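Here is how the chains run, residue by residue.
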Amino acid sequence: MSPSRDTDVLVVGGGFFGTYLATHAARRGARVELVEAGDRMLQRASLVNQARVHNGYHYPRSILTGIRSRANFERFAQEFPECIDRGFTHLYAIARDGSHVTAQQFALFCDRIGAEYREVDEAAAAFFDGDRIEAAFEVKEWAFDSEALRVHMEAELEKAGVRTTLGVRVERIAEAPDGRAEATLDHGDRIRAGAVINCTYAALNGLAARSGLQFLPLKQELVEILLLRWGPPLGDIGWTILDGPFSSSLPFPAHRARSLYHVRYSTHGHWFEGEGRPPRDLDALYRSPMPRSNRMHMICDGARYVPALRQAEPLPSLWTVRTKLPGSAQTDSRPILFRSAVGLPNLHHVLGGKIDNVYDVVPHLDAVLDQLARGPVDVAG
Ligand SMILES: Cc1cc2nc3c(=O)[nH]c(=O)nc-3n(C[C@H](O)[C@H](O)[C@H](O)COP(=O)(O)OP(=O)(O)OC[C@H]3O[C@@H](n4cnc5c(N)ncnc54)[C@H](O)[C@@H]3O)c2cc1C
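Not measured: the values here are computed from a predicted model.

Reading the values: the criteria
- Residues numbered from 1 in each chain as written.
- Predicted model: local features only at pLDDT ≥ 70, side-chain atom pairs only at ≥ 80, totals over all residues.
- Heavy atoms only, no water.
- Core = buried A, V, L, I, M, F, W, Y, C linked by side-chain atoms within 4.5 Å.
- Buried < 20%, exposed > 50% of the residue type's maximum accessible area, 1.4 Å probe, protein only.
- Domains from an automatic or database assignment.
- Contact = heavy atoms within 4.5 Å.
- Salt bridge = Lys/Arg side-chain N within 4 Å of Asp/Glu carboxyl O.
- Helix = DSSP H or I, 4+ residues; strand = E, 2+ residues; numbered from the N terminus.
- Near = heavy atom within 4 Å.
- Polar contact = N/O pair within 3.5 Å; in protein donor to acceptor, adjacent residues only side chain to side chain.
- Areas by Shrake-Rupley, 256 points an atom, 1.4 Å probe, with all protein chains shown as cover.
- Nonpolar A, V, L, I, M, F, W, Y, C, P; charged D, E, K, R; others polar.
- Buried area = accessible area lost by both parts, 1.4 Å probe.
- Phe/Tyr/Trp six-rings, centres within 6.5 Å; stacked < 30°, edge-to-face > 60°.
- Lys NZ or Arg CZ within 6 Å of the ring centre and 35° of its normal.
- Axes fitted to C-alpha atoms, helices over the stretch in contact; angles between N-to-C directions.
- Parallel < 35°, antiparallel > 145°, perpendicular 65-115°, else oblique.
- Left-handed = near helix turned anticlockwise from the far one by under 90°.
- Pairing = 2+ DSSP bridges.
- Patch = residues over 30% accessible without salt bridge, like charges linked within 9 Å, V, L, I, M, F, W, Y side chains within 5 Å.

1. Let's talk about the nonpolar core
Side chains of nonpolar character tend, in soluble globular proteins, to be buried together.
Then, in step 1: Grouped together as the largest cluster of nonpolar side chains are 41 residues, with contacts concentrated most on F16, Y20, L21, V32, F76 and F80.
Then, in step 2: Among the domains, domain 1 (1–51 + 146–213 + 333–381) and domain 2 (66–144 + 218–324) are the pair contributing at least three residues each to this core.
Then, in step 3: For F16, the residues in contact, after removing those within four places along its chain, are L42, S46, F76, F80, L149, M153, I355 and V358.

In structure tokens form, the structure reads like this:
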């Protein structure tokens, strides 16, 4: 019989969500164990992303996401000051053609959500091709350093007393005879827990499928983020062009580089899961060769709006799978998902569309911890 151990809360996945939620649960007095398949924390979506600490501006079609972003921005900035790069000027520019919003609508949206902005003068606006850009605004929005965040979260896990296991995959979750959840690890060990929090992001349905459980409807996208070496004359300007198939470029502190993301060319395909469509094997996907890079399309199209981009030196791209709730495409919103007991009591699935909306998950986790502290519900009574 394989060794078995016991804990109050098992967190599966050591990205930012898993590490943050594990720390939170441990600080509330629970015994917490975190199992991460990779050999370090924060190596998947929490590393390969655009590194934007969202302050609402990016969502002019979803006022709710804008307002939540504003609240979470301040909280994230206060909690992780040493993980944020503030050393650049961030310009949001509105495309003249093909944008879902006009400059006036963007300004109105910022007023509504209470986000600071300033329309830039001609000299700063010259960074863009004036024939293609209606107006540009300087905004208060920064980039996070996911490497610093990893170091920070590893220290927090240790301080909070979370037991961590790296390099081990949770194979499946089942109901134990005592009604709790039981996880089987890839080397056969078992962990019995009062609650399992599935923070595996793109692999969320993979774990559900291996456990014989229903999968959640999710949209998965294979995404390329191009890294750039950046120097004068691009200087310290980061930009985001709204609101449609355009580019954005921000510092990427974890690699001491810049990222270039393009709404049209960064995505190399998508697939849907749920409603009878099984999840793809992501380990096999990451092991297989990635498609041919779209770097030339990204740079050429980006340079139509930001001519200086032609002078940046491309570095190798980063690849990842981005997971979205299917309904978020129309508004570009980023709601969270917290779904409990989909076929198994005590299993809770978590999906966060942005790093800082982990704060929206915390009240749901608190409810689970409160329930654990009260003990099992007496259904008969
Ligand atoms: C292309 C892209 C751009 C983005 N841009 C931004 C942005 O600019 N700003 C922003 O705030 N957010 C952005 N996001 C969203 C943000 O990156 C995610 O919301 C966040 O990183 C999710 O964190 P996570 O911990 O849930 O997932 P992850 O960081 O992916 O962590 C999941 C972990 O689970 C582990 N795992 C998987 N299966 C198992 C298993 N069976 N057993 C054990 N471990 C397992 C994986 O190894 C991984 O470490 C972006 C995302 C993508 C993909």
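The structure having been displayed, the exposition proceeds.
2. Considerations on the pattern of salt bridges
Where charged atoms from two side chains of opposite charge approach closely, those side chains can pair.
Then, in step 1: This model, assessed by the stated rule, comprises 34 salt bridges.
Then, in step 2: Residues E116 and K140 are paired through a salt bridge, measuring 3.8 Å at the closest nitrogen-oxygen approach. On the criterion of sequence distance, the pair formed by E116 in the loop between α3 (103–113) and β6 (117–119) and K140 in the loop between β7 (133–139) and β8 (142–144) is long-range, its members being 24 residues apart.
Then, in step 3: For R132, the salt bridge is made with D129, and the minimal N-O distance between the two is 4.0 Å.
Then, in step 4: You can call D129 partly exposed: its relative accessible area is 24%.
Then, in step 5: Members of the salt-bridge network, linked through shared partners, are D6, D8, R31, D178, R180, E182, R190 and R192.

3. Quick word on the site of the ligand
Then, in step 1: Of all residues adjacent to the ligand, which total 36 residues, the nearest are E36, S46, R52, G352 and I355.
Then, in step 2: At 2.9 Å, a backbone N or O of V170 approaches a nitrogen atom of the ligand.
Then, in step 3: Between the ligand and K354 there is a distance of 3.4 Å, counted from an oxygen atom to a backbone nitrogen or oxygen.
Then, in step 4: Protein chains bury 95% of the 1,000 Å² of accessible surface belonging to the ligand in isolation.
Then, in step 5: Listing elements by their share of the shell around the ligand, those giving two or more residues are α1 (16–27), β2 (32–36), β13 (218–229) and β18 (313–324).
Then, in step 6: A class-by-class count of the residues in the shell around the ligand yields 18 nonpolar, 11 polar and 7 charged.
Then, in step 7: Shared between two domains, the shell around the ligand holds at least three residues of each, these being domain 1 (1–51 + 146–213 + 333–381) and domain 2 (66–144 + 218–324).

4. A few points about the domain arrangement of the chain
Then, in step 1: Taken as a whole, the chain is organised into domain 1 (1–51 + 146–213 + 333–381) and domain 2 (66–144 + 218–324).
Then, in step 2: Measuring from the centre of the C-alpha atoms in domain 1 to the corresponding centre in domain 2 gives 29 Å.
Then, in step 3: If you look at the interface, domain 1 gives 32 residues, while domain 2 gives 34 residues.
Then, in step 4: Buried area between domain 1 and domain 2, summed over both chains or domains, comes out near 3,000 Å², and the portion from carbon and sulfur atoms is 60%.
Then, in step 5: When residues of domain 1 are sorted by the area they lose upon contact with domain 2, Q50, A51 and Y359 head the list and together hold 24% of the total.
Then, in step 6: Linking domain 1 with domain 2 are 2 salt bridges.
Then, in step 7: Between domain 1 and domain 2 we count 13 residue pairs in polar contact (both at pLDDT 80 or more) in total.
Then, in step 8: Breaking the side of domain 1 that touches domain 2 down by element, the ones donating at least two residues are α1, α5 (146–160), α6 (204–210) and α9 (358–374).

5. Some remarks on the packing of aromatic side chains
Then, in step 1: All told, the structure shown has 17 aromatic pairs when counted by the stated rule.
Then, in step 2: Note on F16 and F76: the rings are 6.1 Å apart at their centroids and 70° apart in plane angle, and the pair reads as edge-to-face. Of this pair, F16 sits in helix α1 while F76 sits in helix α2 (residues 63–79), and the two are 60 residues apart along the sequence.
Then, in step 3: Looking at F76, the relative accessible area reads 0%, which means it is buried.
Then, in step 4: When the centroid spacing of 4.9 Å and the interplanar angle of 40° are considered together, the rings of F76 and F80 count as tilted.
Then, in step 5: Judged by its relative accessible area of 1%, F80 falls in the buried class.
Then, in step 6: Pairwise contacts between aromatic rings join F16, F17, Y20, F76, F80, F144 and Y359 into one cluster.
Then, in step 7: Note that R280 overlies the ring of W271, its terminal NZ or CZ placed 4.4 Å from the centroid.

6. A look at the packing of α1 against α9
Then, in step 1: At a minimum axis distance of 10 Å, the contact between α1 and α9 shows a crossing angle of 45°. Classed by the angle they form, the pair α1 and α9 counts as oblique. For the crossing formed where α1 meets α9, the hand is right-handed. In contact with F16, F17, Y20, L21, H24 and A25 of α1, α9 contributes V358, Y359, V361, V362, L365, D366 and L369.
Then, in step 2: Along the lines of polarity and charge, the residues of the contact of α1 with α9 split into 11 nonpolar, 1 polar and 1 charged.

7. Some remarks on the sheet that holds β8
Then, in step 1: With antiparallel pairing, the 3 strands of this open sheet are ordered in space as β3-β8-β4. Looking along the sheet, the strands with just one partner apiece sit at the ends: β3 (52–53) and β4 (84–85).

8. What to know about a nonpolar patch on the surface
Then, in step 1: On the surface, I63, L64 and I67 cluster together into a nonpolar patch covering about 280 Å² of accessible area.
Then, in step 2: Structurally, I67 is set in helix α2.

9. A closer look at the packing of α1 against α5
Then, in step 1: Following both chains from N to C, one finds α1 and α5 inclined at 25°, their axes separated by 9 Å at the closest point. The pairing of α1 with α5 is recorded here as roughly parallel in orientation. Taken as a pair, α1 and α5 cross one another with a handedness that is left-handed. Contact residues: α1 offers F16, T19, Y20, A22, T23, A26 and R27, while α5 offers L149, M153, E156, L157, K159 and A160.

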